[in-house]
Amino acid sequence: MDMRYRVFDTEDDDLFVCIQSHYFQLSDAKVAYMNSKKTDEKDDTILLRISKRNADKDESVLAFGVEEGEKFALALLNLCNSIKY
């Protein structure tokens, strides 16, 4: 699953943010997440990529875990809700 969203920046209007799984198979991501709960392994199951339109290389790549992703999504949802209403 790959979702791209256009981002408006003060210097560049061709930036996109993409959110995707770090692993090709969802089952592999689930194994990595479960292993992080049982051991000291880091959960890196989610990738956030920032890239320019038609670029061969990403500007930036962030990897984080499921729980951090949930917190980030909730914070973003709360901010959007506060702005809308």
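Above: the structure in question.
Along every chain, residues carry numbers that run from 1 in the direction the sequence is written. For a predicted model such as this one, the threshold for reporting local features is a pLDDT of at least 70, and the threshold for listing and counting side-chain atom pairs is 80 or more; totals across whole chains, interfaces and linings nevertheless cover every residue. Side-chain numbers here rest on the full set of heavy atoms in the structure, without hydrogens or water.

Colleague: Just give me the short version of the overall build of the chain, but keep the residues and values in it.
Modeller: Secondary structure elements follow DSSP: runs of H or I of four or more residues count as helices, runs of E of two or more count as strands, with numbering from the N terminus. The secondary structure content of the chain amounts to 2 helices and 4 strands. Listed by position from the N terminus, the elements making up the chain come as β-β-α-β-β-α. Note that the radius of gyration is over C-alpha atoms, with the globule rule given as 2.2 Å times the number of residues to the power 0.38. Since a compact globule built from 85 residues should have a radius of gyration of about 12 Å, the 15 Å found for the chain marks it as more spread out than a globular shape. The principal-axis extents of the C-alpha atoms in the chain amount to approximately 45 × 40 × 20 Å. Looking at the chain as a whole, 20% of its 85 residues are labelled buried. In this analysis, two residues are considered to be in contact whenever any of their non-hydrogen atoms come within 4.5 Å of each other. Counted over contacts in the chain with a minimum sequence separation of 6, partners at least 24 positions apart contribute 33%. Only carbon and sulfur atoms are counted for the fraction: they give 55% of the accessible area of the chain, which is about 7,000 Å². To sort residues, take the accessible area from a 1.4 Å probe on protein chains only and compare it with the maximum for the residue type: under 20% means buried, over 50% means exposed, and anything in between is partly exposed. In these tables, accessible area is a Shrake-Rupley quantity obtained with a 1.4 Å probe, and a residue counts as shielded only by the protein chains included in the view.

Colleague: Hey, could you go over helix α1 (residues 26-38) for me, with residue numbers and the actual values?
Modeller: Along an α-helix, a turn takes 3.6 residues, which lines up residues three or four apart on a common side. The end-to-end C-alpha distance of α1, which contains 13 residues, comes to 19 Å, matching closely the 18 Å that a straight helix rising 1.5 Å per residue would cover. Among the structural elements, β2 (15-21) are those in contact with the buried residues of α1. Every helix has an expected span of 1.5 Å times one less than the residues it contains.

Colleague: Requested: an account of the pairing of strand β3 (residues 46-52), with residues and values cited.
Modeller: The pairing criterion is simple: DSSP has to find at least two bridges between the two strands. Across 7 bridges, β2 lies against β3 in antiparallel orientation. When the bridges of β3 are listed, V17 appears paired with I50. Sheet topology places β3 next to strand β4 (residues 60-64); 5 bridges connect them, and they run antiparallel. Along β4, the bridge assignment pairs I46 with F64.

Colleague: Now, about the environment of V61: what can you tell me, with residues and values included?
Modeller: Tracing the chain through its elements places V61 in strand β4. Taking the C-alpha atoms as reference points, V61 and V17, 44 residues apart in sequence, are found 9.7 Å from one another. Setting aside chain neighbours within four positions, we find V61 in contact with L47, L48 and R49.

Colleague: Lay out the environment of R53 with the relevant residues and their values.
Modeller: With respect to the helices and strands, the residue R53 is situated in the loop between β3 and β4. Setting aside residues up to four positions removed in sequence, R53 forms contacts with R6, D14 and F16.

Colleague: Break down the side chain of S51 for me, citing the residues and quoting the values.
Modeller: Position of S51 relative to the elements: it lies in strand β3. Residue class for S51 comes out buried when judged on its relative accessible area of 7%. Residues contacting S51, with those up to four places away along its chain left out, are D14, L15, F16, K57, D58 and E59.

Purely spatial values, then, with no claim about function.
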